[in-house]
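Chain by chain, the residues run as shown.
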Amino acid sequence: MRRTRLVLVPVAAALLLSACGSSSSGGTTSSSAAATASESASESASPSATCSPESLETLNAGKLTIATGEPVFPPWMLDDDPTSGKGFESAVAYAVAKQLGYDNADVTWVRTTFDSAIAPGPKTFDFNIQQYSITDERKKVVDFSSGYYALSQVVISNESSPIAKATTVAELKGARLGAAIGTTSLKAIEEQIQPTEKAQVFNDNAAAVTALKNKQIDGIVVDLPTAFYLAFVEIDKGVIVGQLPDSAAANEQLGLLLAKDSPITQCVSGAVDALREDGTLAALEKEWLADQGAPVLAP
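The following paragraphs examine the structure supplied in this document. (Residues numbered from 1 in each chain as written. Predicted model: local features only at pLDDT ≥ 70, side-chain atom pairs only at ≥ 80, totals over all residues. Heavy atoms only, no water.)

With respect to the nonpolar core
Link 1 in the chain: Counting residues in each nonpolar core, the largest one holds 56 residues, and the members touching the most others are Phe88, Val96, Phe127, Ile129, Tyr148, Ile156 and Ile240.
Link 2 in the chain: The element contributing the most residues to this core is helix H3 (residues 88-100), with 9 residues.
Link 3 in the chain: Those residues in contact with Phe127 that sit more than four places away from it in its chain are Leu64, Thr65, Ile66, Ala67, Ala93, Val96, Leu256, Leu257, Leu258 and Val268.
Link 4 in the chain: In this structure, Val169, Leu172, Val221 and Leu244 belong to the second largest nonpolar core, which totals 19 residues. (Core = buried A, V, L, I, M, F, W, Y, C linked by side-chain atoms within 4.5 Å. Buried < 20%, exposed > 50% of the residue type's maximum accessible area, 1.4 Å probe, protein only. Helix = DSSP H or I, 4+ residues; strand = E, 2+ residues; numbered from the N terminus. Contact = heavy atoms within 4.5 Å.)

Encoded structure:
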């Protein structure tokens with residue numbers, strides 16, 4: 001599907017923008033992320049003899065409790081229903097559960113706010129999935145699995161823009177593009193697109209959106225979670241033009257969040273690694289992200 005318009009509501013702002021962190025990512029391929037992604041798991045997690053429902057020290061024996069936000073939005077989960085398995089993160093969560101040996105009936109979902117889940121202290125879940133960027137600061141108080149998605153850079157615009165229907169990076173060469181200062185989104189413009197007109201720099205994404213609305217620029221480059229929010233909530237008749245190829249970075253990924261020193265961190269990371277290696281994560285990314293409104297631009 002090309003540029004499917006997703007229906008979001010303004011309360012998504014805190015969840016999606018918090019998930020994105022202070023900067024975007026860019027520069028290496030998703031496949032190159034595999035080698036460093038597994039390092040994201042807490043080194044303090046103790047190894048288990050086996051990673052099976054019978055041996056995993058979960059909140060409830062033989063069951064897996066997974067948390068997410070409330071509400072949740074496409075393309076991460078559909079119809080505010082994490083139990084459906086529809087949407088990228090819902091599908092990833094069930095794939096991890098299956099890899100660990102749990103049937104869908106053995107999975108229980110709970111809801112948390114973004115900030116409460118990442119705060120120090122006991123958790124009401126075995127792992128939480130709601131677009132948490134893995135950072136060293138956060139790893140001081142929580143554990144992360146290895147990364148299940150390497151953030152990519154995305155060009156967004158509106159339907160009246162001259163680049164709205166672009167399908168290649170080459171078509172962006174003559175565009176007036178902008179990004180927030182200090183982000184690797186700005187670096188992606190300069191190094192990957194290399195437009196003929198110098199990229200415009202803004203203090204934040206809100207200022208870039210204002211410039212787009214005023215037709216001072218043709219498009220904005222941001223990371224993918226931010227792109228879905230800005231294009232379908234903040235920008236009238238917004239569109240995701242496409243993801244920049246080979247823009248995902250090994251050092252900025254989304255990970256499953258667990259309690260600090262969780263006894264299952266190592267097993268959960270192993271499950272994520274297995275799904276990456278067998279191509280499951282790539283297939284789910286294509287199905288729920290690329291095919292649902294964020295196509296990858298050709299060179």
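Now that the structure is up, let's keep going.
Some remarks on the packing of aromatic side chains
Link 1 in the chain: According to the stated counting rule, one finds 7 aromatic pairs in the structure shown.
Link 2 in the chain: An angle of 80° between the planes, with centres 6.1 Å apart, marks the rings of Trp76 and Phe228 as edge-to-face. Placement of the pair is Trp76 in the loop between strand E1 (64-68) and H3 and Phe228 in helix H7 (residues 224-234), with a sequence separation of 152 residues. Residues Trp76 and Phe228 agree in their burial class; the two are buried.
Link 3 in the chain: On the basis of an interplanar angle of 65° and a centroid distance of 5.9 Å, the ring pair of Tyr94 and Trp109 is categorised as edge-to-face. (Phe/Tyr/Trp six-rings, centres within 6.5 Å; stacked < 30°, edge-to-face > 60°.)

Digging into the side chain of Asp126
Link 1 in the chain: Counting through the fold element by element, Asp126 comes out in the loop between helix H4 (114-118) and strand E3 (127-128).
Link 2 in the chain: In terms of polar contacts, Asp126 uses its side chain to reach the backbone amide nitrogen of Leu59, at 2.9 Å.
Link 3 in the chain: When sequence neighbours within four positions are dropped, the list of residues in contact with Asp126 reads Thr58, Leu59, Lys63, Leu64, Thr65, Leu257, Leu258 and Ile264. (Polar contact = N/O pair within 3.5 Å; in protein donor to acceptor, adjacent residues only side chain to side chain.)

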